Amino acid sequence: MAKGLREQLIGAWKLVSYEVRPVDGSPSFYPLSERPMGIILYTPDGYVSAQLSKPDRKPFASDDWFNGTHDEYIQGASTYFAYTGEFHIDEMAQTLTHSMFISLFPNWIGQTQPRAMKIEGDDLYISSVGPFETAGKTVNSYLHWKRAPKN
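Rules used in this analysis
Residues numbered from 1 in each chain as written. Predicted model: local features only at pLDDT ≥ 70, side-chain atom pairs only at ≥ 80, totals over all residues. Heavy atoms only, no water. Core = buried A, V, L, I, M, F, W, Y, C linked by side-chain atoms within 4.5 Å. Buried < 20%, exposed > 50% of the residue type's maximum accessible area, 1.4 Å probe, protein only. Helix = DSSP H or I, 4+ residues; strand = E, 2+ residues; numbered from the N terminus. Pairing = 2+ DSSP bridges. Phe/Tyr/Trp six-rings, centres within 6.5 Å; stacked < 30°, edge-to-face > 60°. Lys NZ or Arg CZ within 6 Å of the ring centre and 35° of its normal. Patch = residues over 30% accessible without salt bridge, like charges linked within 9 Å, V, L, I, M, F, W, Y side chains within 5 Å. Areas by Shrake-Rupley, 256 points an atom, 1.4 Å probe, with all protein chains shown as cover. Salt bridge = Lys/Arg side-chain N within 4 Å of Asp/Glu carboxyl O.

Chemist: Help me understand the nonpolar core, please; the structure alone is not making it clear to me.
Modeler: Across soluble globular proteins, nonpolar side chains show a tendency to be buried alongside one another. Among the nonpolar cores identified, the biggest contains 23 residues, and Leu-9, Tyr-42, Leu-124 and Trp-145 are the most heavily contacted of them. Considering every element that reaches this core, the biggest residue donor is strand β1 (residues 11-22), with 4 residues.

Rendered as structure tokens:
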């Protein structure tokens, strides 16, 4: 018997690409570079944790997290994104929702956001369900993940 989407989704996935496509046809952009880093985890009990980053982030001058400069905090927050909360699958519609309990971007806390999803073997494709505003443009986002190898 074939596994359902939820069962196929459970586990760890590594980020391959994160592309944002403006609906006006202007060129795509890559918020975390064309070679982003990231892991998204889906647990059997219904939780998701996503961590996405630009590669080669510049370290703070101090090893004390609370002793960064204003510019270091700006650089750190603008090159990293994270959130966690619950997830839900609609098997019929082939959609996924993420409910944000904690987020680096405070505006997302308490939101539930729909995602389109497709799993092809060890590849997971997640995209926005409809356009949204970012960086002054109306866009759709497309993320490609690869199942993380089991250690």
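Chemist: Just checking my understanding: could you explain the pairing of strand β7 (residues 123-128) for this structure?
Modeler: Strand residues, when the strand is regular, have side chains that alternate between the two faces of the sheet. Burial analysis of β7 places 5 of its 6 residues in the buried class, the great majority of the element. Where strand β6 (residues 112-120) lies against β7, 6 bridges are found, and the strand directions are antiparallel. Within β7, the position partnered with Ala-116 by the bridge is Ser-127. By the bridge criterion, 5 bridges tie β7 to strand β9 (residues 137-147) in an arrangement that is antiparallel. Looking at the pairing, Tyr-125 lines up with His-144 of β9.

Chemist: Just to check I follow, could you spell out the packing of aromatic side chains for this structure?
Modeler: Between two aromatic rings, the relevant description is the distance of the centres plus the angle of the planes. Applying the stated criterion across every chain, the model contains 8 aromatic pairs. Between Tyr-83 and Trp-108, the aromatic rings sit 5.7 Å apart at their centres with planes inclined by 65 degrees, giving edge-to-face as the arrangement. Of this pair, Tyr-83 sits in strand β4 (residues 80-90) while Trp-108 sits in the loop between β5 (95-103) and β6, placing them 25 residues apart in sequence. A connected cluster of aromatic rings, assembled from ring pairs, spans Phe-81, Tyr-83, Phe-105 and Trp-108. It is Arg-21 that lies over the ring of Tyr-142; its NZ or CZ is 3.8 Å from the centre. Just above the ring of Tyr-125 sits the side chain of Lys-118; from NZ or CZ to the centre is 5.4 Å.

Chemist: Just to check I follow, could you spell out unusual backbone geometry for this structure?
Modeler: Excluding glycine, a negative phi dihedral is what most residues carry, and trans is how most peptide bonds are arranged. In this structure, Asp-56 takes a positive phi of about 55 degrees despite not being glycine. Inspection of the secondary structure puts Asp-56 in the loop between β3 (47-53) and α2 (70-78). Taking the relative accessible area as the measure of exposure, Asp-56 reaches 65% and is therefore exposed.

Chemist: I tried to follow the side chain of Ser-103 on my own but got confused; where do I start?
Modeler: With respect to the helices and strands, the residue Ser-103 is situated in strand β5. On the basis of relative accessibility, which here comes to 9%, the residue Ser-103 falls in the buried class.

Chemist: Even after reading the chapter, I still don't get a nonpolar patch on the surface, so can you show me in this structure?
Modeler: On the surface, Trp-65, Phe-66 and Tyr-73 cluster together to form a nonpolar patch covering roughly 420 Å² of accessible area. Residue placement: Phe-66 occurs in the loop between β3 and α2. Taking relative accessible area as the criterion, Phe-66 reaches 71% and is therefore assigned exposed.

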